[in-house]
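The residues making up each chain are set out below.
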Amino acid sequence: MFVSIATPGAMLAALAAPLDGSAPGGDTIYLWIAMAAGALALAAALLFARSVLAADQGTPDMQEIAAAIREGAEAFMGRQYKTIAIMALVLAAVLFAGYRMYGPTAPLALKVVFSFLVGAACSGISGYTGMFVSIRANLRTAAAARTSLTKSLQLALHGGAVTGLIVVGLALLGISLLFMLFGGLGTPEMVRAAPYQLVGFGFGASLVALFAQLGGGIYTKAADVGADLVGKVEAGIPEDDPRNPAVIADLVGDNVGDCAGRGADIFESSAAESVGAMILGAALYPVFGLKGILFPLIVHAINIIASIVGVSVVGGKETDDPMHSLNRGFYVTSFLALVGFAAGVHFLLQDRWWLLGAGVVGIVTSFLFVSITEYYTETRYRPVQSIAEACKTGPATNIITGIAVGMETPAVPVVVISCALLLSYYFGVRGLEDATGIADYAKGIYGTAIATMGMLSSAAYILAMDTFGPITDNAGGIVEMSNQPHEVRDRTDRLDAAGNTTKALTKGYAIGSASLAAFLLFSAYLETIHNIVKHRVEASGFTLPADWSFSNVNLASIPVFVGALLGAMLTYLFSSMAISAVGRAAEKVIEDVRAQFKENPGIMTGASRPDYGRCVHIVTGAALKEMILPGALAVLMPVVIGVLFRHLSTKFHLKSSTDLPAAMGNIVNLSGAEAVASFLMVGTISGILLAMLMNNGGGAWDNAKKFIESGHFGGKGSEAHKAAVVGDTVGDPFKDTAGPSLHVLIKLLATVTLVLAPLFV
C-alpha cells in the first residue's frame, strides 16, 4: 500500500543541464523592481500611519481609555518578544551546531543561521509595528464614529493597511536582500543555489509566528472569556462596560492576538511560500533563467501596488453596509492583481498562458474561500442564524448546533482546495510541455506554486481587512466606556460586526494558502532527503541508481504508519493544549474579577473604578507561561520522531520503491526520513481540516451572539442572549487561539523538517 508523491528526484534534474556560465545579465532588473516595491510598501505604510495619527483623538475620557489599552499591549508585546528572542537565539545555536557537525551542510551553517535570525527579526518587527499603529488607530476610529461611519471605516482600514503593507514589504525586502547577498546576482550556479539557502528565513518566520499567534491568542481569549462570563452572565452588565475589571485586558487582547499575531502569521506565509516557489524556479532555470526564480517576488510587488489602490478606493455612503465597502476594495485589488499577474507571465514566464491559468486558479480560490467563510460566519446566512435560533432553548442546544456547523464547514473548502491543486498541476504541465529534460512532476508542482502565489497576490489587502477587525472592536469599547451617545455605539457596532467577518475571512484565507503550499513544501522535503542520500552513498564509494528517488511513502511500513498517526495526533494535542491554556488563564481572570467585585462594592454602583492593571498583569503572565509548552512540542516532535526511527531496526520496515540496494541500505536507513514524511503529510491534512472547523465554527458562534444583540430572539439581556454568550466563549479559543495557531503549525512542521532533514537519514 503506497501513497505516491511522484518523482521529486527529477525535480532538480534540470540542475544537471549544461550552463553557458554567463551571469544573469539584464534580468537582474526584476530583483531591483522587487526591492523598490518593498520600499514603496514601507513608504505607503508610513503615509497611511501619518494620516491616521493626524486624525482627531476625541474626548479626554476616550484618550484615557485608549492610553490604558496602549500601555497594556506594549507591556505584553515587550515581554513576549523578549521571551521569543531568547528561544530563537537558543535554537539558532542548536541549528548552527547541527549544520557544522554534518560535513555537506557545514559550509551553509552561517548562511542558514543568519537567514533564520533575519526571518525571525522581520517577523517580529512586522507584528510589532502593525500593532503600534492599531493601538492608536482605535482611538481615532472611535472619535470619527461620533460624526461619520464612512470616516471611521476609512481610518480603521488605513490603520489595518499599515500592518498589511509592512508585512508584505518586509517579506519582500528580506528575501530579496538575502537572495542578492547569497549570490543571486552571480553566476548561474550561484543563482540556482541561492534559493536553497533561504530556507532558514522561512523557519525563523515560522517560529516567531507560532509563538506570537499562540501567546497573543491565549491572552486575548483568556481576557475575553473571563470578561464575558463574569460581566455579561453573572453581573448582567453590557460588553465593554467600564465597571468590568477585565475590560481593558480584553481590549488589549484584540491587538496582541489579531493584529500582531495575524501579522506574523501572514508574514510567515509570504516568506515560506515565496522561498518554496523560488526553489522550484531554480529547478526550472534552463527554461526561465533568473526570471523564473524572481517571479514570486514580482507577484508580491504587484500585490503591494494593487493593495494600496484597493485600500484607497474604500468609501461610500453613511447608509452603506461596511462589509460591502470592504468587499469593493477587495474586488479592485483582485482585478489589479490579475492584470499584474498577466504582465508578469508576459515579461518573466515567456507568455506561457497556461501558467497564468494556474495563477487565476489561485485568485479564484481566494475568492471562493472568502465567500465560503463569509457564508458560514455572516449573520445574513443560515449557519449563524441556526445557531442563534438554537439559543432560544439554552446553552446546550447552542453548543450542539455550533459544533455541527463547525464540522460541516471543511466540506466545501476541501473540494475547492482539491480542484485548485488538480487544475494548477494540470496547467503547470501544459504550460511547460515543450520544456525537455524536465519531469511532468516538476512542471505540475510549479503550477501549484504559481497558484499559491496567485492566492497571495492580494495578501496585503486581506491583512488590512483583518486588522480592521480589532481596531473597530477596540473603538466600540472606547465608545462604550466613555459613555458616548447611543447612535455612536450603533455606528461602531456596525463596524464591529463587519470586523468579526473580516477576521474570519482572513483565517479562512490563511488556511487556504497554507493548504495550497503544503504539497509544495512537502515535495521540497522529499527532494532534500534525496540529495542527502545521494551524497552519502557516493561518499561511500557507491553509485546511486539513476532511477532511484525518495518518492513513495509506504503506509504498510510500521514506522511510516506510526509517524502518520503521530502527525494526526499532534494537531489534536496541540489544539487541546492551546484551548486548555485559555481555560486556565481565564480561570485566573474570572477569580480576579469576582474578587474585585467582592472587595470593592462601589465598582458596580459606579462610585469607584476597578483595578484594570491587575487583570492585565495576571493575563500577561499566564499567556506567556502557557505558550511555551505547545510551541516547544510543535518544534521538537518532528525532530524526535525522525531521530528515533532513524535508529530503529530495519526489520520494522517493509520493502518499498524507496529502498536502496542491500549494500547501500547499510549506509543509509530511511526509516526516520519516511516516518517524518508521513508525520508531515498526515499532520498537514489533519491540521487543515481541524483549523477550518475551529475558525468557521468559532466565527459562527461569535456572530450568532451579535445577531441576537442586534434585537433578534429577545436581544441583549434575554435568556437567548445569555446562551449565546456561553456559546461564544466556547468558540472564542477555537477561532482566535487554536485555529489560527494551527495555520502556523502546518507551515512550521514543513519548514522545521526541511531545515533539519540531515538529522533524519
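Further up the page is the structure itself.
In this text the structure is predicted, and so the values were computed from the model without any measurement.

*Asks:* Which residues make up the overall build of the protein chain, and what values do they have?
*Replies:* Scanning the protein chain from terminus to terminus reveals 23 helices and two strands. For the protein chain, whose C-alpha radius of gyration is 26 Å, the value lies close to the compact-globule estimate of 27 Å for 761 residues. In terms of principal-axis extent, the alpha carbons of the protein chain reach across some 85 × 55 × 45 Å. Counting every position in the protein chain, which comprises 761 residues, the buried fraction comes to 65%. Sequence-distant contacts, at least 24 apart, represent 85% of the contacts inside the protein chain between residues at least 6 apart. When the accessible surface of the protein chain is totalled, it reaches about 24,500 Å², and 67% of it is carbon and sulfur.

*Asks:* Just give me the short version of the layout of surface pockets, but keep the residues and values in it.
*Replies:* Estimates place the volume of the second largest pocket at around 780 Å³. Along the walls of the second largest pocket sit 37 residues, with Asp493, Lys706, Glu709, Ser710 and Lys716 positioned nearest its centre. For the lining of the second largest pocket, the secondary structure elements donating two or more residues are helix 6 (199-235), helix 10 (322-348), helix 16 (459-481), helix 17 (486-539), helix 22 (671-709) and helix 23 (719-755). Per element, the largest residue contribution to the lining of the second largest pocket is nine residues, and it comes from helix 17. Looking at the lining of the second largest pocket, its residues break down into 11 nonpolar, 11 polar and 15 charged.

*Asks:* Tell me about the pattern of salt bridges, and name the residues and values.
*Replies:* Scanning the entire structure with this criterion turns up 22 salt bridges. In this structure, the salt-bridge partner of Lys705 is Asp702, at a minimum N-O distance of 4.0 Å. Here Asp702 and Lys705 lie together in helix 22, a separation of three residues that amounts to about one turn. Accessibility assignment for this pair places Lys705 and Asp702 in one class, buried. Linked by salt bridges that have partners in common, Asp702, Lys705, Asp728, Asp732, Lys735 and Asp736 make up one network.

Rules used throughout
- Residues numbered from 1 in each chain as written.
- Predicted model: local features only at pLDDT ≥ 70, side-chain atom pairs only at ≥ 80, totals over all residues.
- Heavy atoms only, no water.
- Helix = DSSP H or I, 4+ residues; strand = E, 2+ residues; numbered from the N terminus.
- Rg over C-alpha atoms; globule rule 2.2 N^0.38 Å.
- Buried < 20%, exposed > 50% of the residue type's maximum accessible area, 1.4 Å probe, protein only.
- Contact = heavy atoms within 4.5 Å.
- Areas by Shrake-Rupley, 256 points an atom, 1.4 Å probe, with all protein chains shown as cover.
- 1 Å grid on protein atoms, 1.4 Å probe; cavity = no way out; pocket = protein on both sides within 12 Å on 5 of 7 lines; lining within 4 Å.
- Points joined across faces, edges and corners; volume = space filled by probe spheres on them.
- Nonpolar A, V, L, I, M, F, W, Y, C, P; charged D, E, K, R; others polar.
- Salt bridge = Lys/Arg side-chain N within 4 Å of Asp/Glu carboxyl O.

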